[in-house]
Number of protein chains: 2
Amino acid sequence: MTGNLLYAQSGGVTAVINASAAGVIGEARQQPQRIGRVLAARNGVLGVLRETLVDTAALSDADLARLRTTPGGAFGSCRFDLDPVDANPAQYDRLFAVLAAHGIRYFLYNGGNGSMETCRQIQTAADARGYPLTVVGVPKTVDNDIVGTDCCPGFGSAAKYLATSIREVGLDLAAMTTDGGRAFVLEVMGRNAGWLAAACGLAAADADAAPHLILLPETPFDEAAFLARVRQVVERSGACAVVVAEGIRGPDGQILAMHDRNQKGYIQLGGAGEVVAERIHACLGYKVHYALADYLQRSARHLASKTDTAQALAVGKAAVRRAVAGQMGVVGIERVSDQPYRWRTNLSPFAAVANLERRLPPEFIAADGFGVTDAFRRWCRPLIAGEDWPAFRDGLPDYLRLQLALLPPRLPADAA
Amino acid sequence: MTGNLLYAQSGGVTAVINASAAGVIGEARQQPQRIGRVLAARNGVLGVLRETLVDTAALSDADLARLRTTPGGAFGSCRFDLDPVDANPAQYDRLFAVLAAHGIRYFLYNGGNGSMETCRQIQTAADARGYPLTVVGVPKTVDNDIVGTDCCPGFGSAAKYLATSIREVGLDLAAMTTDGGRAFVLEVMGRNAGWLAAACGLAAADADAAPHLILLPETPFDEAAFLARVRQVVERSGACAVVVAEGIRGPDGQILAMHDRNQKGYIQLGGAGEVVAERIHACLGYKVHYALADYLQRSARHLASKTDTAQALAVGKAAVRRAVAGQMGVVGIERVSDQPYRWRTNLSPFAAVANLERRLPPEFIAADGFGVTDAFRRWCRPLIAGEDWPAFRDGLPDYLRLQLALLPPRLPADAA
C-alpha cells in the first residue's frame, strides 16, 4: 500500500512532542517506496475536519533538527473528541472525505489517553467503510498515565525539571531558615495520577533534603497527619518543602481548591498548593511560600531529559515503521532492564490503551503516604537521565516557530 | 594590616550568590600576606551576633568549584537589620566583641540594599570605636534594584530563566489556541522595581510572540486599558501571554492582591498574577492559566547566565582586593561598552547605595506602559548571555550541600 501520511498533535503538549513529530517526518522520508507526501493537520483531528493541512516537505533538515528541540506543539494541538460514529455519521463522512481528498493511507496521532480513543474510533470507522487506512497512536503526556507503556514521552523531561526545581528551592529555603519555621509548597500537575509529584522525590538525597513531603492524588489528604509531619520536619530541619499534586482529594473525595475560585467557576484545576500553604500557615504559624509551575513544567525544553527526548523521537519513528507494515495500534516504551537501563518500542491494541488511566501502583508509594519508595526511584531515575540542551542564541533557547502555509483545500468548507 | 576575613550572606538568596562566596574565598586564599583565616558567619550578621562561625579552610578546591555552581545561600542568610547604634549600643558591643575574639579585620557582606546599610553601620561604628576594620559590600539581588552598579549579580540568571520560561510557555499556549481565546499569566518577583518582568520582554522576537504584555510596578495598573490590549492580542493571535510583576499597583497606589488572602494576614506578596488572571477571565471570558514562579526564579541555577556567574565571582574577588587595600564601600559592575559588551568592577561609598532603590527608568518602559523599549533590550541582553551549566549526576544538578562544623565559641553566649 502506498499513500500519503497524515500526522497530528492532540491534548496538552509537552517539551518533547515535537521530537516525536521530527521522528515521524524524518522516518517517513526514509520510506519513499511506501509513503508519498507527509502532511500534518493543524490542531489535531479538528484540523482534519476543517481541512487545515500543511505539507512538511517544506521543512529542511536543519528545520527538523530545531523542531526536535522545540517545546509546545508546532502543528497546533486540540482538545476535541470525535462523536460516537452512530451519533454523528456526518462527522466521519467529512473526516474520510478529507483523508481521501489528500490520499491519506496512514494516520499518526500524537496524544494521550483520549487521543488513543480517537485513533480507535477512526481505525474502526475506516475498517467498517473499507477505507484503506492504518492508524497508529504516538503517546505523549507529562502525566505518564497511559497504559501499555513503561513510561510516556513528555514525562521524563517534566519530571527532570520539577525535581531539579524542588532541589534548587530546597537550598534556597534552607538558607533562609528562621526561628519561627518556614515552609514551601510547589504545586505540580497530576489530576488523578501522581507521577510528576512522585518524581520530585528523586531530588531528595536524604530525609533532610527537599522535598520533605509529597502529596499524591492516590492518597486521600489527611490534614491532621500531614500537619503533624510538617511540624516534625520543621522542628528537625527548620524548614519543610512540600510537593502537592494538583488533584489531591480530601477523605470525602473532593478536590482541594480555593473556595472563592470554585464559586466564580474559574477553575484551572489547581489551587491545591495554595490551600495546603494556607493550612500550614493558619495551623502552624509558619512563614509559607508557594509556587505554581503550571505550563512551565510541560514546556521546559531547556532542561529536557536525554532519555525522554530519545524515546519521543523513537516512538515517532516506530509509529511510521508500524504504519507502513500495516500494524495498527499504540506505540509504547517497553523496559528491557533496569541496570543498565535498556528499552525498546512496543505496540499495544487500541482497546488496551484508549481511555484508560494508569495511576501510581501501591508499591511506589511510601507506607505513610507522604513520599515514594526505593522501587519508584529505581523505576524513575533512568527516565530523567542525561541532558539534551537546545541551541541558545542571545542567551535564550533558539526554538523553531513553525509557520507553514496551509494547503489549498480540495473540498468545500464543511458546513457542520 | 593583617587579619582574618569574615564573609556573610544576607537577604533573599540567588542562583549565583555562592559564586560570589567562591570568589571571596578563592581570592582571599591568594592573599596570605594580608589575610589569615577566612571565616564565614551562619545566617548573616545574626551569625556574627550569635558567634555561629565556620572556617572555610575545610573547603577543598573541588568544593569551591561546586560551591560556585550551587544556588541558595550555602552559609545561610537572614533578614535582620542592626539597630541604630545610639538605640542599642550593646548590640554593637557584642558584634565587635565577636569580631575581636576572632581577629576579624575584614568584613564582607553579600546582600542587597538593606545589607549595604548594615555595612555602613558597622563601618561607622568601627571607625568611631577605633576598631581596625574594613567593610566591603558585595551586591546580590534578583531584583536588580541596587544603586551604583549597572546590574546586580543574581539578576541576569533569574532574568534568563524567566525569559526562557515565558518563551517556552508561549509556544505551548500558541499550540493550544482555541476559538474562545486563551490567556496565560506569569507572576514574577519585583515589589517596587520591574526589572525581572521587563527582562521577560527579551523573549519576544516580535509582537506575535510571548510575552505580549508586561505589567510593571513602575506603571499604575489601568485595568480597562489592559483588558482592551489583551482582547486585541487575542483577536489577532488567538492567545495572550502576560507577565505580571508581583508589586503592581492600581491607580490608588494599592498593591493588587487576593482580598481574602489579605484578610487572613497571609501575605506572600503576590497574588497579583492571580488577580489579573481572574480579571481577564471574568471580563473577557477567556480560558486563563497562571503560574507563580516564586522561589524557583531565584534558585534556578540550572539555567544560569554566564555573564551573571562571571560577575558574581568577580564582585567577590574584587571585594577581597578592595578590603586588603583598605578601600571600604560597595563593589559594583560598571558597563564599559554595550557592543561588544564589556564591564569591570567599581566601588561606591556606602551612603550612595545603602537603603536606596533603583527602579526602571522611563526610557526603558514602552510608551503604552505594557512593555519595554529597545533601549532596555540593548541594556539587558548581554546580562543573560551565555550558559554556565552545573554538573549533573543521575539526571539532576549535583549541588554542594555545605555542612561545616561551627567553630567553638570564644565568648559566653550573648544574653541579648
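You'll find the structure just up there.
Attention here is on the structure that accompanies the text. (Residues numbered from 1 in each chain as written. Chains lettered and ligands numbered in written order. Predicted model: local features only at pLDDT ≥ 70, side-chain atom pairs only at ≥ 80, totals over all residues. Heavy atoms only, no water.)

Brief notes about the overall build of chain A
Summing up its helical and strand segments, chain A has 13 helices and 13 strands in all. Its C-alpha atoms give chain A a radius of gyration of 23 Å, within 12% of the compact-globule value 22 Å for 416 residues. The C-alpha extent of chain A, read off along each of the three principal axes, is 70 × 45 × 40 Å. Here chain A holds 416 residues, and 64% of them are scored as buried. Here the contacts in chain A between residues at least 6 apart in sequence split such that 77% fall between residues at least 24 apart. Of the roughly 14,300 Å² of accessible surface on chain A, a fraction of 50% belongs to carbon and sulfur atoms. When the 42 positive and 42 negative side-chain charges of chain A are each reduced to one mean point, those points stand 6 Å apart. (Helix = DSSP H or I, 4+ residues; strand = E, 2+ residues; numbered from the N terminus. Rg over C-alpha atoms; globule rule 2.2 N^0.38 Å. Buried < 20%, exposed > 50% of the residue type's maximum accessible area, 1.4 Å probe, protein only. Contact = heavy atoms within 4.5 Å. Areas by Shrake-Rupley, 256 points an atom, 1.4 Å probe, with all protein chains shown as cover. Lys, Arg positive; Asp, Glu negative; His and termini not counted. Charge placed at Lys NZ, Arg CZ, Asp CG, Glu CD.)

What about the pairing of strand 9 (residues 287–292) of chain A?
Residues and elements named next belong to chain A. Counting buried residues along strand 9, five of its six residues qualify, which places the element largely inside the surrounding structure. Across six bridges, strand 6 (residues 182–188) lies against strand 9 in parallel orientation. Note that in strand 9 the partner of Val185 across the bridge is Tyr290. (Pairing = 2+ DSSP bridges.)

Some details on helix 8 (residues 223–237) of chain B
With 15 residues, helix 8 of chain B extends 21 Å between its outermost C-alpha atoms, agreeing within 8% with the 21 Å of an ideal straight helix rising 1.5 Å per residue. Contacts made by the buried residues of helix 8 of chain B are with strand 6 (182–188), strand 7 (213–215), strand 8 (239–245) and helix 10 (272–284) of chain B. (Expected span 1.5 Å × (residues − 1).)

Overview of the side chain of Gln121(B)
All names here are of chain B. Counting through the fold element by element, Gln121 comes out in helix 5 (residues 113–129). Take Gln121: its relative accessible area is 11%, and that puts it in the buried class. With residues near it in sequence (within four places) discarded, Gln121 still touches Leu82, Asp83, Pro84 and Tyr92.

With respect to the packing of helix 1 (residues 17–28) of chain B against helix 12 (residues 306–324) of chain B
Residue and element names in this part refer to chain B. Between helix 1 and helix 12, the least distance of the axes is 7 Å, while the angle of their chain directions is 40 degrees. Overall, the two elements helix 1 and helix 12 adopt an arrangement that is oblique. Crossing of helix 1 against helix 12: the hand is right-handed. Only Thr309, Ala312, Leu313, Val315, Gly316, Lys317, Val320 and Arg321 of helix 12 make contact with helix 1, whose side of the interface consists of Ala19, Ser20, Ala22, Gly23, Val24, Glu27 and Ala28. (Axes fitted to C-alpha atoms, helices over the stretch in contact; angles between N-to-C directions. Parallel < 35°, antiparallel > 145°, perpendicular 65-115°, else oblique. Left-handed = near helix turned anticlockwise from the far one by under 90°.)

Some details on the interface of chain B and chain A
On the chain A side, the residues contacting the 76 residues of chain B number 76 residues. If you look at where chain B meets chain A, you find four salt bridges. The closest approach of N and O atoms between Asp172(B) and Arg298(A), which form a salt bridge, is 2.7 Å. Taken together, the connections running from chain B to chain A amount to 25 residue pairs in polar contact (both at pLDDT 80 or more). Those elements that place two or more of their residues in the side of chain B that touches chain A are helix 6 (155–175), strand 6, helix 9 (259–263), helix 10, strand 9 (287–292), helix 11 (295–299) and strand 13 (396–397) of chain B. Considering each element in turn, the side of chain B that touches chain A owes the most residues, twelve residues, to helix 6 of chain B. Classifying every residue of the side of chain B that touches chain A gives 35 nonpolar, 19 polar and 22 charged. (Salt bridge = Lys/Arg side-chain N within 4 Å of Asp/Glu carboxyl O. Polar contact = N/O pair within 3.5 Å; in protein donor to acceptor, adjacent residues only side chain to side chain. Nonpolar A, V, L, I, M, F, W, Y, C, P; charged D, E, K, R; others polar.)

So, the packing of helix 8 (residues 223–237) of chain A against helix 10 (residues 272–284) of chain A
All names here are of chain A. Interaxial distance between helix 8 and helix 10 falls to 11 Å at its minimum, and their mutual angle equals 70 degrees. Comparing the axis directions of helix 8 and helix 10 gives the class roughly perpendicular. With respect to the hand of their crossing, helix 8 and helix 10 are arranged in right-handed fashion. Residue-level inspection shows Glu223, Phe226, Leu227, Val230 and Arg231 of helix 8 in contact with helix 10, the latter providing Val276, Arg279, Ile280, Cys283 and Leu284. Grouping the amino acids of the contact of helix 8 with helix 10 by side-chain chemistry returns seven nonpolar, no polar and three charged.

Considering the pattern of salt bridges
Residue and element names in this part refer to chain A. Throughout the structure, instances matching the rule amount to 38 salt bridges over all chains. The salt bridge involving Arg68 is made with Asp388; its shortest N-O contact spans 3.0 Å. Residue Arg68 is found in helix 3 (residues 61–68), and its partner Asp388 is found in the loop between helix 13 (374–380) and strand 12 (392–393); the two are separated by 320 residues along the sequence. Taking the relative accessible area as the measure of exposure, Arg68 reaches 24% and is therefore partly exposed. Salt-bridge contacts for Lys160 lead to Glu387; the nearest nitrogen and oxygen are separated by 2.7 Å. With Lys160 in helix 6 (residues 155–175) and Glu387 in the loop between helix 13 and strand 12, the pair connects residues that are 227 residues apart, well separated along the chain. For Lys160, a relative accessible area of 0% corresponds to the buried category. Each member of the salt-bridge network shares a partner with another, and the members are Arg66, Arg393 and Asp398.

Focus on the relation of the copies chain B and chain A
Superposition of chain B onto chain A requires a rotation of 180 degrees combined with a translation of 0.0 Å along the rotation axis, giving an RMSD of 0.0 Å. A rotation of that kind, with that shift, is consistent with a two-fold axis. Considering only C-alpha atoms, the part of chain B nearest the rotation axis is Leu292(B), at 2.4 Å. The fraction of interface residues of chain B whose copies in chain A are also interface residues reaches 100%, indicating that both copies meet through the same surface. (Least-squares fit on C-alpha atoms with pLDDT ≥ 70 in both.)

Observations concerning unusual backbone geometry
Residue Pro340(A) is reached from Gln339(A) by a cis peptide bond, and omega for that bond is 0 degrees. Along the chain, the position of Pro340(A) falls in the loop between strand 10 (329–337) and strand 11 (342–348). Each neighbour pair has its own omega, and for Ala210(B) with Pro211(B) the value is 0 degrees, a cis peptide bond. Among the secondary structure elements, Pro211(B) is positioned in the loop between helix 7 (195–199) and strand 7. Phi angles above zero are rare outside glycine, and Asn144(A) is one such case at about 60 degrees. Relative to the helices and strands, Asn144(A) is located in the loop between strand 5 (134–139) and helix 6.

Description of the sheet that holds strand 10 of chain A
Residues and elements named next belong to chain A. Pairing is mixed in the open sheet, where seven strands are placed in the order 3-2-1-4-5-10-11. On the outer flanks of this sheet lie strand 3 (53–55) and strand 11, each paired with one strand and no other. Put simply, the sheet's adjacent strands are angled 30 degrees from each other on average, direction ignored. Bridge count between strand 5 and strand 10: two bridges; the pairing is parallel. When the bridges of strand 10 are listed, Gly137 appears paired with Val330. Seen against the sheet, helix 1 (residues 17–28) touches strand 1 (3–9), strand 2 (35–41), strand 4 (104–111) and strand 5 and runs at an angle of roughly 175 degrees to strand 1.

Regarding the pairing of strand 1 of chain A
Residues and elements named next belong to chain A. Of all the seven residues making up strand 1, seven are buried; the element is thus mostly covered by neighbouring parts of the structure. Strand direction decides the pairing type here: strand 1 and strand 2, joined by four bridges, are parallel. In the strand pairing of strand 2, Tyr7 is matched with Ala40. Bridging between strand 1 and strand 4 involves six bridges; their strand directions are parallel. Within strand 4, the position partnered with Gln9 by the bridge is Asn110.

Looking at the packing of aromatic side chains
All told, the structure shown has 27 aromatic pairs over all chains when counted by the stated rule. Ring geometry for Phe96(A) against Tyr131(A): centres 5.3 Å apart, planes inclined by 55 degrees, an arrangement best described as tilted. Pair noted here: Phe96(A) is in helix 4 (residues 89–101) and Tyr131(A) is in the loop between helix 5 (113–129) and strand 5, with a separation of 35 residues, a long-range link. Considered together, Phe96(A) and Tyr131(A) belong to a single accessibility category, that of buried residues. Arranged with centres 6.2 Å apart and planes meeting at 45 degrees, the rings of Phe226(B) and Phe370(B) form a pair that is tilted. With Phe226(B) in helix 8 and Phe370(B) in the loop between strand 11 (342–348) and helix 13 (374–380), this residue pair connects regions lying 144 residues apart in the sequence. There is no split in this pair, since Phe226(B) and Phe370(B) are both buried. The lysine or arginine in question, Arg105(A), covers the ring of Tyr131(A), its NZ or CZ lying 5.3 Å from the ring centre. (Phe/Tyr/Trp six-rings, centres within 6.5 Å; stacked < 30°, edge-to-face > 60°. Lys NZ or Arg CZ within 6 Å of the ring centre and 35° of its normal.)

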